[in-house]
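Remarks on the overall topology
Residue-level listing of the chains:
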Amino acid sequence: MTNALAQKSGLPVRALSAGTVGGKGLNPMAVKAMDELGISMDGQVPKLMTQQMVDEADRIISMGCGVDAEACPARFILTEDWGLDDPAGQTIEKVREIRDQIKVHVEALLSEFPQQ
């Protein structure tokens, strides 16, 4: 979502998505919810966060650390935690709610950048 909204705003922002625990595949409900906004997740795969990603990042944001507290990056990396629910196993309605919360956070984040 960040990349799509940044591009729409003409901002030179690039976001990567990765986790501390490897997933087997994309959440189909998340794919559907993003598709409803016209944001394709084609070509995306679950990725593990690497030290190189951390080293190259200007900012590291975790979505919510309540899911697996032992794997929460805030335990070992300076992060900004958005405290969101995990969309895994949720209904499409709940996933839409989480998606919309992410959008609010991303828009606030992008508003920190000077408009092009």
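Counting of residues starts from 1 at the beginning of each chain's written sequence and follows it residue by residue. Since the coordinates come from a predicted model, pLDDT governs what is reported: local features require at least 70, and pairs of side-chain atoms require 80 or more to be given and counted, while whole-chain, interface and lining totals use all residues. In computing side-chain values, all of the structure's heavy atoms are included and hydrogens and water are not.

1. Things to note about the overall build of the chain
Numbering of helices and strands runs from the N terminus; a helix is a DSSP stretch of H or I covering at least four residues, while a strand is a stretch of E covering at least two. Of regular secondary structure, the chain possesses four helices and two strands. Listing every helix and strand of the chain by position from the N terminus yields α-α-α-β-β-α. Note on classification: 1.4 Å probe, protein chains only; a residue is buried when its accessible area is under 20% of the maximum for its type, exposed when over 50%, partly exposed between these limits. Here the chain, with 116 residues, has 24% of them falling under the buried criterion. In the chain, 56% of the contacts between residues at least 6 apart in sequence involve partners at least 24 apart. Entry remark: accessible area of the chain is about 7,900 Å², with carbon and sulfur atoms responsible for 52%. The contact criterion used throughout is that any non-hydrogen atoms of two residues lie within 4.5 Å. In short, Shrake-Rupley with a 1.4 Å probe defines the accessible areas, and a residue's cover is counted only from the protein chains shown.

2. Brief notes about the pattern of salt bridges
Salt bridge, as applied in this entry: a Lys or Arg side-chain nitrogen positioned within 4 Å of an Asp or Glu carboxyl oxygen. Under the defined criterion, the tally for this structure stands at eight salt bridges. Of the charged contacts in the structure, one is a salt bridge between Arg59 and Glu80, with a shortest N-O distance of 3.0 Å. A residue pair is termed long-range when its members are at least 10 positions apart, and Arg59 in the loop between α3 (51-56) and β1 (61-62) and Glu80 in strand β2 (residues 80-81) qualify at 21 residues. What makes Arg59 partly exposed here is its relative accessible area of 39%. A relative accessible area of 30% means that Glu80 is categorised as partly exposed.

3. Section: helix α1 (residues 2-9)
Of all the residues in α1, the buried ones are Thr2, Leu5 and Ala6. Viewed end-on, α1 has its buried residues packed into an arc of 100 degrees, placing them on one side of the element. Looking at α1, the residues exposed on the side facing more than 90 degrees away from the buried face are Gln7 and Lys8. Packing partners of the buried residues in α1 comprise α4 (92-110). Count one or two residues on from α1 and you reach Gly10, which has phi positive near 75 degrees. By definition, the arc is the one covered by directions from the helix axis to the C-beta atoms.

4. What about the packing of α1 against α4?
Simply put, an axis is a line fit to the C-alpha atoms, just over the touching stretch for a helix, and the angle between two N-to-C directions goes from 0 to 180 degrees. Relative orientation of the contacting elements α1 and α4 amounts to 45 degrees, with a least axis distance of 10 Å. With respect to each other, α1 and α4 are oriented oblique. α4 is crossed by α1, and the crossing has right-handed handedness. Across from Thr2, Leu5 and Ala6 in α1, the residues of α4 making contact are Lys103, Val106, Glu107 and Leu110. Looking at the contact of α1 with α4 residue by residue, the classes come out as four nonpolar, one polar and two charged. Our angle categories are set so that under 35 degrees counts as roughly parallel, over 145 as roughly antiparallel, 65 to 115 as roughly perpendicular, and the remainder as oblique. Should the near helix be turned counterclockwise from the far one by less than a right angle, the crossing is left-handed, whereas a clockwise turn marks it as right-handed. Here the nonpolar group is Ala, Val, Leu, Ile, Met, Phe, Trp, Tyr, Cys and Pro; Asp, Glu, Lys and Arg are the charged ones; every other residue, Gly included, is treated as polar.

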